[in-house]
Amino acid sequence: MVVQGKAREKNNNQQAVQSGDRIEIVFYTDPLCCWSWAMQPQWRRIQYEYRDIISTRYCMGGLISDWNNFNDSVNSISRPIQMGSVWAQAHHISGMPVYDRIWMSDPPATSYTACVAVKCAGLQSKNAEEKFLRKCREELMINGINVAKQSSLFYIAEKLATELDSFSADSFKKDYVSGAGTEAFKSDLKEVRYKNINRFPSSLFKDKSGKAILLTGYKPYENLRNIFDEFLIPSPETPIETEKYKNYFGNLVERELAEASKVYP
């Protein structure tokens, strides 16, 4: 009886999804969060496989306001040089490229500037916000570019403008200098505090009925997929075609392609 009831409920849920219902996902993160970068393979696979039924929003967490006020008691970090070992661990566990040497050679003084920059990009479009955030992470984690610096953020904006026709680097610079993205970032900080989000990344999944599930910290793909099971949404059955996956995202690292090629029961 219970199994039949669940099957009936699952069928109803499938019909609801097909009729346009969506799962909203709020991704609480920060451009300097190594674990958010480490989780990109899993997160991108979820974005691709469930793209027809999810909507996503990024909320910047403000990981490091400045080093005078930062103290991570869990990882015993109070100085920039101590962050390198955490980044090295994120690389070891996830397999994602991580430039941990930046904490010795050119340590970022804050993550607030990059957070504001992401919100400035978001003033142009939701797509620009996501792509700018991704480029911040690529330049920081792969190329060792200090994204706390205005010059680095303007460089990233110029690169994005060559790839995204709808994005204007000049408009971005004006918005950044004028502080146009600051209020949006303040709103994100307020939301993070109100929701009591104290670990990044954290993902809040919510359906139209109001049911919500919060997933905190770095998690493997199965944990993310299990969230959809909780909403009685069936798991994807079709293997991912590599070329379509590449075309969808445009920029992928080897670990992301490896994750996409895995077959899960």
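Look a little higher up for the structure.
Residues numbered from 1 in each chain as written. Predicted model: local features only at pLDDT ≥ 70, side-chain atom pairs only at ≥ 80, totals over all residues. Heavy atoms only, no water.

*Asks:* Would you mind going over the nonpolar core in detail, with residue names and values included?
*Replies:* If you look at soluble globular proteins, the nonpolar side chains tend to sit buried side by side. Formed by 73 residues in total, the largest nonpolar core has its most connected members in Trp-87, Phe-132, Phe-172, Phe-205 and Phe-228. Examining the composition of this core, we find that seven residues originate from one element, helix α6 (residues 112-122), more than from any other. With near-sequence residues (within four places) excluded, Phe-228 lies in contact with Ile-23, Ile-25, Ile-46, Tyr-50, Ile-54, Phe-205 and Ile-233. Within the second largest apolar cluster, five residues are counted, among which are Tyr-48, Ile-240, Phe-249 and Ala-260. (Core = buried A, V, L, I, M, F, W, Y, C linked by side-chain atoms within 4.5 Å. Buried < 20%, exposed > 50% of the residue type's maximum accessible area, 1.4 Å probe, protein only. Helix = DSSP H or I, 4+ residues; strand = E, 2+ residues; numbered from the N terminus. Contact = heavy atoms within 4.5 Å.)

*Asks:* Residue-level account of the environment of Ser-235, with values.
*Replies:* Structurally, Ser-235 can be placed in the loop between α11 (221-230) and α12 (242-249). In this structure, the C-alpha to C-alpha distance between Ser-235 and Glu-49, residues 186 residues apart in sequence, is 8.8 Å. Setting aside residues no more than four positions away along its own chain, Ser-235 makes contact with Tyr-50, Arg-225 and Asp-229.

*Asks:* Before we move on, could you go through the sheet that holds strand β4 (residues 212-216) and cite the residues and values that matter?
*Replies:* Spatial strand order, β2-β1-β3-β4: four strands in an open sheet with mixed pairing. Two strands bound the open sheet, and with one partner strand each, they are β2 (54-60) and β4. Ignoring which end each strand starts from, the neighbouring axes of this sheet average 15° apart. For strand β3 (residues 202-206) and β4, the ladder comprises five bridges, and the chain directions are antiparallel. Looking across to β4, one finds that Ser-202 is bridged to Thr-216. Its contacts with the sheet put α11 on β1 (23-29), β2, β3 and β4, and the angle it makes with β4 is roughly 170°. (Pairing = 2+ DSSP bridges. Axes fitted to C-alpha atoms, helices over the stretch in contact; angles between N-to-C directions.)

Interpretation note: all reported values are geometric properties and have no functional meaning in isolation.
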